[in-house]
Every structure is written in C-alpha cells, then in structure tokens.
Amino acid sequence: MVPTPQDIAQALVAPHKGILAADESATTMRKRLASISVAETPENGHRFRDLLFTTPNLGTHLSGVILYDETIRQNASTGIPFTKLLADAGVIPGIKVDLGLVPLYTGSLEEVSRGLDTLDARLAEYYELGARFTKWRSVIRITDTLPTEASLVANAHVLAQYAVAVQARGMVPMVEPEVLFDGTHTLEQSREVITRTLTILFDTLKAYQVDLRALILKTSMALPGKESGTALVPADIAAATVAALTQAVPAEVAGIVFLSGGQTPEQATQNLNAIAQLGTQVWPITFSYSRALEEPVLQAWKGDDAAGESAQAVFIKSLTDTVSARNGTYTGE
Ligand code: 13P
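The shown structure was predicted, so the numbers you read here are calculated from the model rather than taken from an experiment.

Glancing now at the sheet that holds strand S6 (residues 133–140). Pairing within the closed barrel is parallel, and its eight strands lie in the order S1-S2-S3-S6-S7-S8-S9-S10. In this sheet, neighbouring strand axes are inclined to one another by 25° on average, regardless of whether the strands run parallel or antiparallel. Where strand S1 (residues 18–21) meets strand S2 (residues 62–67), four bridges bridge the pair, whose relative direction is parallel. Among the inter-strand pairings, Leu20 is bridged to a residue of S2, identified as Val65.

This is the structure in structure tokens:
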C-alpha cells in the first residue's frame with residue numbers, strides 16, 4: 001500500500017531519529033567548500049554529499065534527508081541514485097522546492113520566497129524521482145521595526161499555497177518560516193515574533209484547508225540575537241521556545257522540527273536537549289539541522305578521500321549526540 005501523507009509525516013518525526021537538511025543551493029555549497037579551503041566545484045559538492053549519504057547505518061539515526069534540485073538527480077559514487085540509496089537505508093528523500101528570496105516589494109527590507117508559479121510541474125517530477133516530502137523556506141527578520149504585519153501575512157499565504165499544492169501531489173509539506181538569529185534583539189522579542197509568525201501562519205493554513213496531520217513545521221528556536229551580546233542559556237531558550245509553540249501551533253500538526261540557524265553544533269545540541277527535558281509536548285519534536293550536523297563533518301573531511309571514513313564516524317557521532325538531545329539525554333561527553 002502507498003503510504004499516505006499522514007503516514008509519511010509520522011515517519012519523519014519517528015522516535016529516536018531526526019532529519020538532515022542537505023539542501024544547500026549550489027551557491028551555499030560553494031561557501032561550505034570555501035570554509036574548508038576545498039575547490040568550490042560541483043564535483044566536490046557531490047563528493048561531500050556522497051560521503052554523507054553513504055555513511056553506514058544512516059537509517060538508524062535519520063528519518064529523512066532534504067535534497068536540492070541538483071542532488072536529487074545525482075547518483076552515488078557506486079552508481080546508485082542518491083534517492084534509492086537513502087530509501088534502501090530506510091531514510092525518506094525530501095526536496096527543497098522554494099526558489100530563494102526576492103524583496104517583498106521594491107525597496108522593502110523584507111523578503112518573500114518565490115517559485116509558486118512553476119511548483120506543480122516540479123512537484124510531479126520530484127515525486128517520480130522519489131521525493132516524499134518537501135521543504136519551503138521563508139525568512140523573517142527581527143529589527144526595531146520588523147517584521148511588518150504585511151510580511152508575515154504575505155509569507156503565510158505563500159507557505160499555505162505551497163502546502164496545498166504539495167498535499168495534492170501526495171507528499172508532505174514542511175513549512176519553514178525561519179526567524180533569523182541575526183540581529184541585536186532580545187530572547188523575549190524572538191519569542192514574541194515566533195509566536196506572531198506562527199499564529200498568522202496556522203490561521204492561514206486553516207483558511208486554505210491544509211491537512212495539519214500531514215504537515216511538518218520547521219521552526220527556529222527562540223534565541224536572543226546573535227549580535228545582542230547575550231549568552232545562550234539553554235533552560236531560558238527552551239522555556240521561551242516551548243511557550244511560543246504551545247501558544248501558536250495546533251495540536252493536530254504531525255510534528256515540529258528545528259533548524260540550527262547559525263548556532264554552533266554544541267549550542268544547537270544543548271538547546272534541543274533543554275527543550276526535550278521540558279517533557280513530552282502534544283506534537284513529536286525533533287531536529288532538521290544542516291550546519292550543526294555538517295560543520296564537524298566538513299572539518300574532519302577537508303576534501304581528503306583518505307579522511308572519508310573518519311569523517312563518516314564524526315557524522316555518526318554528531319547524529320548520535322543530536323538524537324540524544326532530541327531524547328533529552330545528551331550529557332555533552
Ligand atoms: P540550518 O540547520 O543550517 O539552519 O539549516 C536548516 C535549514 O534547512 C535552513 O533552511
């Protein structure tokens with residue numbers, strides 16, 4: 001029997017697992033390679049993805065991997081399509097489907113994600129290629145005057161139109177309104193903006209009759225701005241984050257996953273752990289990290305084939321730690 005979107009959504013937030021967001025655009029992948037002084041070529045980007053996806057026993061720790069348009073079409077070094085390699089390992093292939101950001105209107109400091117006009121044709125192709133869930137990222141910026149109501153409403157409508165289209169194709173939409181860590185705001189401002197963003201988003205999703213039982217929310221944690229000079233205190237972050245989610249996210253939502261958002265791998269792990277330690281919530285909660293999972297692997301690999309196996313061992317260690325954090329049992333050892 002073909003799994004329904006509700007089944008897929010539940011599998012994505014299954015216990016003791018999380019999601020890897022390996023969906024960097026070609027431009028972002030070049031930045032990742034530059035950060036380890038490796039030539040910024042598509043071949044090296046492929047080598048890095050190959051290293052990640054051929055890691056033994058990936059399905060023990062990962063429920064899903066989010067791919068990018070370029071990678072969903074690629075084969076592993078062994079000749080097997082990445083999507084098949086992942087599916088055979090028990091990992092659900094997903095795909096990022098927004099086409100990046102444009103200004104909300106000419107001269108606006110806020111942005112909206114584009115790609116709706118070509119979405120349905122791309123979804124049909126991605127389904128054929130093996131994708132069973134999708135991600136759409138919107139960006140919300142906090143300053144003294146932002147976000148505006150207009151930007152929250154515009155982004156909510158785009159996310160809802162995306163979610164409807166994805167469910168109509170039998171896949172699970174992951175909606176990601178990323179509230180940026182950049183800025184000088186307080187933890188309280190972050191909590192308030194996340195609450196407002198998600199309240200408007202879920203009102204809009206309901207207006208479009210999106211099935212929340214077949215939808216995953218990908219959200220930022222409530223954090224004091226990166227340039228605020230405030231230390232990240234896991235217990236405070238956890239309390240503010242869970243307060244925002246409890247206020248704004250309906251209980252029917254299949255699950256909530258966090259992005260790492262520019263926190264260090266250790267911060268992202270500690271903060272997830274503190275959130276889990278607050279106890280069971282009405283929705284399953286896990287991670288969908290990119291940078292926090294990939295940075296240690298990039299550093300261990302540095303483009304050297306001979307370091308492949310040790311880099312894969314680092315990846316497994318990061319995954320094991322992050323799964324422990326998801327379970328609230330991370331001890332930092
Ligand atoms: P980070 O974990 O690096 O924030 O990436 C998650 C993601 O998918 C952002 O869109």
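Once you've had a look at it, read on.
This paragraph deals with the site of the ligand. The ligand sits among 13 residues. The nearest are Lys135, Lys218, Ser260, Gly261 and Arg291. Ser260 places a side-chain nitrogen or oxygen 2.5 Å from an oxygen atom of the ligand. Between the ligand and the protein, one listed contact pairs an oxygen atom with a side-chain N or O atom of Arg291 at 2.6 Å. Considering the ligand on its own, with 300 Å² of exposed area, one finds that the protein chains cover 93% of that surface. Among the cavities detected, the one that contains the ligand is the largest pocket. Every element with two or more residues in the shell around the ligand is listed here: S6, strand S7 (172–179) and strand S10 (285–289). Across the shell around the ligand, the residue classes tally to three nonpolar, four polar and six charged.

Once that is clear, we can look at unusual backbone geometry. Here the bond from Leu146 into Pro147 is cis, since omega is 5°, no more than 30 degrees from zero. Mapped onto the elements, Pro147 comes out in the loop between S6 and helix H7 (149–168). In this model, His16 sits at a positive phi of 65°, which is unusual for a non-glycine residue. Residue placement: His16 occurs in the loop between helix H1 (5–12) and S1. One non-glycine residue with positive phi stands out, namely Asn57, at about 60°. Position of Asn57 among the secondary structure elements: in the loop between helix H3 (42–53) and helix H4 (58–61). For Asn57, a relative accessible area of 58% corresponds to the exposed category.

Cut-offs used in this document
Residues numbered from 1 in each chain as written. Predicted model: local features only at pLDDT ≥ 70, side-chain atom pairs only at ≥ 80, totals over all residues. Heavy atoms only, no water. Pairing = 2+ DSSP bridges. Helix = DSSP H or I, 4+ residues; strand = E, 2+ residues; numbered from the N terminus. Axes fitted to C-alpha atoms, helices over the stretch in contact; angles between N-to-C directions. Near = heavy atom within 4 Å. Polar contact = N/O pair within 3.5 Å; in protein donor to acceptor, adjacent residues only side chain to side chain. Areas by Shrake-Rupley, 256 points an atom, 1.4 Å probe, with all protein chains shown as cover. 1 Å grid on protein atoms, 1.4 Å probe; cavity = no way out; pocket = protein on both sides within 12 Å on 5 of 7 lines; lining within 4 Å. Sits in = over half its atoms within 2 Å of the grid points. Nonpolar A, V, L, I, M, F, W, Y, C, P; charged D, E, K, R; others polar. Buried < 20%, exposed > 50% of the residue type's maximum accessible area, 1.4 Å probe, protein only.

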